[in-house]
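Notes for the structure review
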Amino acid sequence: MAKRDGSTKDLATRNNQASELVPSEAPSELLRELVAHLRQNRTQLREEWVGRISEARLLTAMTKEEIFAEATSVYDSYVEALETETYEDLQNYARNLSERIIPRGVETHEVVGIVLLLRDVLARSLFAKYQTDFKKLNRILDAYEPAANRIANTVAVGFVQERERVIRQQQEAIRELSTPVLQVRERLLILPIIGVIDPQRARQLTEQLLRGIRTNRAKVVVIDITGVAAMDVTVANHLVQTVEASRLLGATVIVTGLSPEIAQTLVTIGVDLGKMNTVGDLQGGIEQAERLLGYKVMAVAEAR
Amino acid sequence: MEVPILKQGEVLIATFQAALSDADLENLRRGLLQQVVRFRSRGVIVDVTAMDVMDSFASRTLREIAHMIRLRGAETVIVGIQPEVAFAMVQLGMTLEGVATALDLEEGLAYLIEKFKSID
């Protein structure tokens, strides 16, 4: 019920506005007037905007000159988007800008912040210009606000999309680097794991290891997790499953380099320690693996 | 489809050809037990290389076969579990605990021969 009331009321105001608009200019004409105003006062408004940016301590990663240069082109694209009511150029510009500033550590809130600041600065100047003619001010704002919001939206979305693209790219790069399965002796593999393990990476590690066991005909595998600071319960369970799956392929797994935190996690989830073969460090692990495989490593002098 | 059981010295070798029905698995269990008794075998190798899916019934039957053969005084090795199958089995909690496993037939034979030596 309430919703219907709201919509009828909404409709009523819109009708009202429409009837008010009839005798005067169409919205596009208003926008044109608006753009002319913004072009005229370009220097002053731009400077005020840059002032507000530094006041709000945004874009601290950039120098004053850089901010001014970017501000100029953002201002021009902004006015152009208002004029043409097409947002593709602006979108491209936003993407291009994001590409340049993301590596410098500019945050999402800063980008959104500066666009909103520009919107406010321009709105203020419109207030100042039309304060004597309240009705006209209303109409101008009616034309300005949706366009300005759309611009802010476009820039913010462009920035976030670019950021996500960068993140995806980096994730892929890390994934490619992250999982070497190495043969150190015949039938002995080591799998050094470094960094954070998320469920997806854990899955990939398992797949590579099991395939490695098959292709290298490995009998013993040493998984070294010295480089893993912590793992959550899901990943710890996954590790245990990897150990069991390797056993089904006939390989013994030795896990080395458990940090105290990981040891705690494993104890908390109640791992059957009979199934897990663990050794303190990688050296100890490899030595034990050699014993299992029947190797005996000694100094040449001793052997004589 | 019947699973052929081959005799190689003291060892019996059963090779799964493809996906098996539950009835085939029952037959295999009966057949293996009878042959272990008849040939006085000391070891059994079950080769599952050709299986690309392992359901819980198959997994349980394999475990039962291994335990029953142990009661007859012989050793069982399951060989040739595919990597994907192994991980799927573990995720479903079918870990064949207490059953020896090896990479392939060759490894399985080596394991059994090693085992016989340690007993002798």
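Residues numbered from 1 in each chain as written. Chains lettered and ligands numbered in written order. Predicted model: local features only at pLDDT ≥ 70, side-chain atom pairs only at ≥ 80, totals over all residues. Heavy atoms only, no water.

Remarks on the sheet that holds strand β2 (residues 188-194) of chain A
All names here are of chain A. Strand order in the open sheet formed by five strands is β1-β2-β3-β4-β5, and the pairing between neighbours is mixed. With one partner strand each, in any of the chains shown, β1 (182-185) and β5 (277-279) form the two edges of the open sheet. Geometrically, the sheet is characterised by an average inter-axis angle of 30 degrees between neighbouring strands, direction not taken into account. Relative to β5, strand β4 (residues 252-256) runs parallel, the two sharing three bridges. Residue pairing in the sheet places Ile 254 in a bridge with Asn 277 of β5. (Pairing = 2+ DSSP bridges. Helix = DSSP H or I, 4+ residues; strand = E, 2+ residues; numbered from the N terminus. Axes fitted to C-alpha atoms, helices over the stretch in contact; angles between N-to-C directions.)

Regarding the nonpolar core
Formed by 62 residues in total, the largest nonpolar core has its most connected members in A:Ile213, A:Ile223, A:Ile225, A:Met231, B:Phe16, B:Val48 and B:Ile81. Sorting elements by how many residues they give to this core places helix α9 (residues 233-248) of chain A first, with seven residues. What B:Ile81 contacts, discounting residues up to four positions off in sequence, is A:Arg214, A:Leu248, A:Leu249, B:Val48, B:Ala86, B:Met89, B:Leu96 and B:Thr101. Counting 49 residues, the second largest nonpolar core, distinct from the first, contains A:Tyr87, A:Ile114, A:Ala143 and A:Ile151. (Core = buried A, V, L, I, M, F, W, Y, C linked by side-chain atoms within 4.5 Å. Buried < 20%, exposed > 50% of the residue type's maximum accessible area, 1.4 Å probe, protein only. Contact = heavy atoms within 4.5 Å.)

Here's the deal with the interface of chain A and chain B
Counting residues at the interface gives 19 residues for chain A and 21 residues for chain B. When chain A packs against chain B, the two sides together hide about 1,800 Å² of surface, and 54% of this comes from carbon and sulfur. Ranking the residues of chain A by area buried against chain B places A:Arg214, A:Arg217 and A:Leu248 at the top, with a combined share of 38%. Run the count over chain A and chain B and you get five salt bridges. A salt bridge links A:Arg217 to B:Glu107; the shortest N-O distance between them is 3.4 Å. Here chain A is connected to chain B by ten residue pairs in polar contact (both at pLDDT 80 or more). (Buried area = accessible area lost by both parts, 1.4 Å probe. Salt bridge = Lys/Arg side-chain N within 4 Å of Asp/Glu carboxyl O. Polar contact = N/O pair within 3.5 Å; in protein donor to acceptor, adjacent residues only side chain to side chain.)

A closer look at the sheet that holds strand β4 (residues 75-79) of chain B
Residue and element names in this part refer to chain B. Taken together, five strands build an open sheet; the order of strands is β1-β2-β3-β4-β5 and the sheet is mixed. Two strands lie at the open edges of the sheet, namely β1 (5-8) and β5 (100-102), each paired on one side alone. Each strand axis lies, on average, 25 degrees off the axis of its neighbour in the sheet, ignoring direction.

Quick word on helix α2 (residues 56-71) of chain B
Residues and elements named next belong to chain B. Helix length check: α2 (16 residues) gives 23 Å between terminal C-alpha atoms against 22 Å at 1.5 Å per residue, within 8%. Of the residues making up α2, those classed as buried are Ala 58, Ser 59, Thr 61, Leu 62, Ile 65, Ala 66 and Ile 69. Around the axis of α2, the buried residues are gathered within 165 degrees of arc, so they sit on the same side. Buried residues belonging to α2 abut α1 (22-39), β3 (43-47), β4 and α3 (83-91). Trailing α2 by a residue or two, Gly 73 shows a phi angle of about 85 degrees, which is positive. (Expected span 1.5 Å × (residues − 1). Arc of directions from axis to C-beta.)

Here's the deal with the pairing of β4(B)
Looking along a regular strand, one sees side chains alternate from face to face of the sheet. Residue and element names in this part refer to chain B. Of all five residues making up β4, five are buried, and the element is well covered by its neighbours. Neither face of β4 is exposed, since Glu 75, Val 77 and Val 79 on one face and Thr 76 and Ile 78 on the opposite face are all buried. At this point the chain moves from β3, through α2, to the parallel β4, and the crossover so formed is right-handed. Where β4 meets β5, three bridges bridge the pair, whose relative direction is parallel. Looking across to β5, one finds that Ile 78 is bridged to Thr 101. In this fold, β4 hands off to α3, which returns the chain to β5; that crossover is right-handed. (Right-handed = clockwise from strand over helix to strand, strands pointing away.)

Re the layout of surface pockets
Empty space within the largest pocket amounts to approximately 490 Å³. A:Arg247, A:Gly250, A:Ala251, A:Thr252 and B:Thr101 are the residues nearest the centre of the largest pocket, which is lined by 18 residues in total. Within the residue set of the lining of the largest pocket, elements represented by two or more residues are α9 and β4 of chain A together with β5 of chain B. For the lining of the largest pocket, the class distribution of residues is six nonpolar, seven polar and five charged. By volume, the second largest pocket is sized at about 260 Å³. A:Arg187, A:Lys219, A:Leu292, A:Leu293 and B:Glu107 are the residues nearest the centre of the second largest pocket, which is lined by 13 residues in total. (1 Å grid on protein atoms, 1.4 Å probe; cavity = no way out; pocket = protein on both sides within 12 Å on 5 of 7 lines; lining within 4 Å. Points joined across faces, edges and corners; volume = space filled by probe spheres on them. Nonpolar A, V, L, I, M, F, W, Y, C, P; charged D, E, K, R; others polar.)

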